[in-house]
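# Remarks on the overall topology
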Amino acid sequence: MRRPIVVGNWKMFTSLTDALVLSTGVRDGVEEFSGLEVILCPPAIWLTEISGVVHKSAQNIALGAQNINYLSEGEYTGEISGNMVRDVAKYAIVGHSERRKYFAETNDIISRKVAAAIDAGLSPIVCVGEKKRSDDSIKEIVSELEDSLADIKKGEYKDIIIAYEPVWAVGADIAADPDYCARVIVKLREVVDAATPIIYGGDVNASNAYNFVWRPEIDGVLVGRASLKVADFIKICRIVTEYKKIV
Ligand code: PEP
C-alpha cells in the first residue's frame, strides 16, 4: 500500500519568523492526520531551525530540501550536498521545473542528483512534466522520467517519490485536467515500481485538491503557493486524509 503524501514547496519565500510561524502552525494542524505523510520543503537556510520545531512532536511531518548538488563535497561556492541535508531532512526535491528552466538543469544533471540523494540516504522527489499544454504529451513525460532516473537501479525505485507537474500549471492559475493526470500517472507507473508514490503538482489549492486525490492513481499532491498559508495547507492535508480514508 502506497502512503498518501502532501508536499509543501515554499520556494524562495519566508523570513525566519515566517518559517517558524508556518511550520508551527502546520505541525499543530496536521497532527491528527496520522496516516498522512506531510513533507515541508522550506528554503535550505531554515531547515535546521524548522527541524527543531517539527520533530518536537509531530510524527507525520518530514522535511525536504528544494535542491541538492550531485557532488558530495568540494569547492563549489554556494552549493549544498545531500550529505549535508541528510542531517536535518529526509527528502530532496530534484528536477523541479524552476530548476530546469532558470538553472538549466538537464535530465542528465537531474539523474545524477537523484543518485546522489539516494547515496546520501535521502528520498528524492523527482519532478517531471510537459512544457506546453497538450492532450498528447504522455510520451514526452515518460521519456523525461526515464532519463531523469537513468543513474539509479530498479531496486531503488521504492526510495523515490515522483511528482507529475505540468510546467504550464506550476505557479499558474490553471491546474491540469485530473482525468489526463490519472492517465499520465498510469504510464509513469510503468516506469517505476508499484511501491513508488506518484503525486500531482500544479496550482493545487484547497478548492481543487479533491479533484486529484479521490483518484486511486494519484497518491497525493505537491503544493507551492497554497503551502505558504497555514489554513489552506491544512485544508489540503485534511482533504487528502479524507479522500484516502486514512484518519
Ligand atoms: C510547485 O512549486 O511545484 C507548484 C506546483 O507550485 P504551485 O502550487 O504554486 O503551482
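No experiment lies behind these values; they were computed from the predicted model shown. (Residues numbered from 1 in each chain as written. Predicted model: local features only at pLDDT ≥ 70, side-chain atom pairs only at ≥ 80, totals over all residues. Heavy atoms only, no water.)

With that settled, consider helix H2 (residues 47–54). Every buried residue of H2 is accounted for by Leu-47, Ile-50, Ser-51, Val-53 and Val-54. The buried side chains of H2 occupy one side of the element, clustering within an arc of 160° when seen end-on. At its buried positions, H2 is contacted by helix H1 (16–30), strand S2 (37–41) and strand S3 (61–65). (Buried < 20%, exposed > 50% of the residue type's maximum accessible area, 1.4 Å probe, protein only. Helix = DSSP H or I, 4+ residues; strand = E, 2+ residues; numbered from the N terminus. Arc of directions from axis to C-beta. Contact = heavy atoms within 4.5 Å.)

Moving on to the sheet that holds S3. Around the barrel, which closes on itself, the 8 strands sit in the order S1-S2-S3-S4-S5-S6-S7-S8 with parallel pairing between neighbours. Each strand axis lies, on average, 25° off the axis of its neighbour in the sheet, ignoring direction. Sheet analysis places strand S1 (residues 5–9) next to S2, joined by 5 bridges and oriented parallel. Across the sheet, the residue bridging to Asn-9 is Cys-41, located in S2. Taken strand by strand, H2 contacts S2 and S3, and its axis lies near 175° from that of S3. Relative to S1, helix H9 (residues 230–243) is tilted by about 160°, and along the sheet it contacts S1, S2 and strand S8 (220–223). (Pairing = 2+ DSSP bridges. Axes fitted to C-alpha atoms, helices over the stretch in contact; angles between N-to-C directions.)

The next thing to look at is the environment of Ser-111. Counting through the fold element by element, Ser-111 comes out in helix H5 (residues 107–119). With a relative accessible area of 2%, Ser-111 lands in the buried category. Note: C-alpha distance between Ser-111 and Glu-79 (32 residues apart in sequence) is 17 Å. The contact partners of Ser-111, leaving out residues within four places of it in the chain, are Asp-147, Ser-148, Leu-149, Ala-150 and Asp-151. Separated by 3.3 Å, the side chain of Ser-111 and the backbone oxygen of Asp-108 make a polar contact. (Polar contact = N/O pair within 3.5 Å; in protein donor to acceptor, adjacent residues only side chain to side chain.)

Another aspect to go through is the pairing of strand S7 (residues 198–201). Residues Ile-198 and Tyr-200 line one face of S7 and the alternating positions Ile-199 and Gly-201 line the opposite face, and both faces are buried. Judged from the 3 bridges that link them, strand S6 (residues 161–164) and S7 form a sheet pairing that is parallel. Bridging from a neighbouring strand, Ile-162 pairs with Ile-198 of S7. Taken together, S6, helix H7 (residues 178–191) and S7 form a β-α-β motif whose crossover is right-handed. Examined bridge by bridge, S7 and S8 share 2 bridges and lie parallel to one another. Looking across to S8, one finds that Gly-201 is bridged to Leu-222. (Right-handed = clockwise from strand over helix to strand, strands pointing away.)

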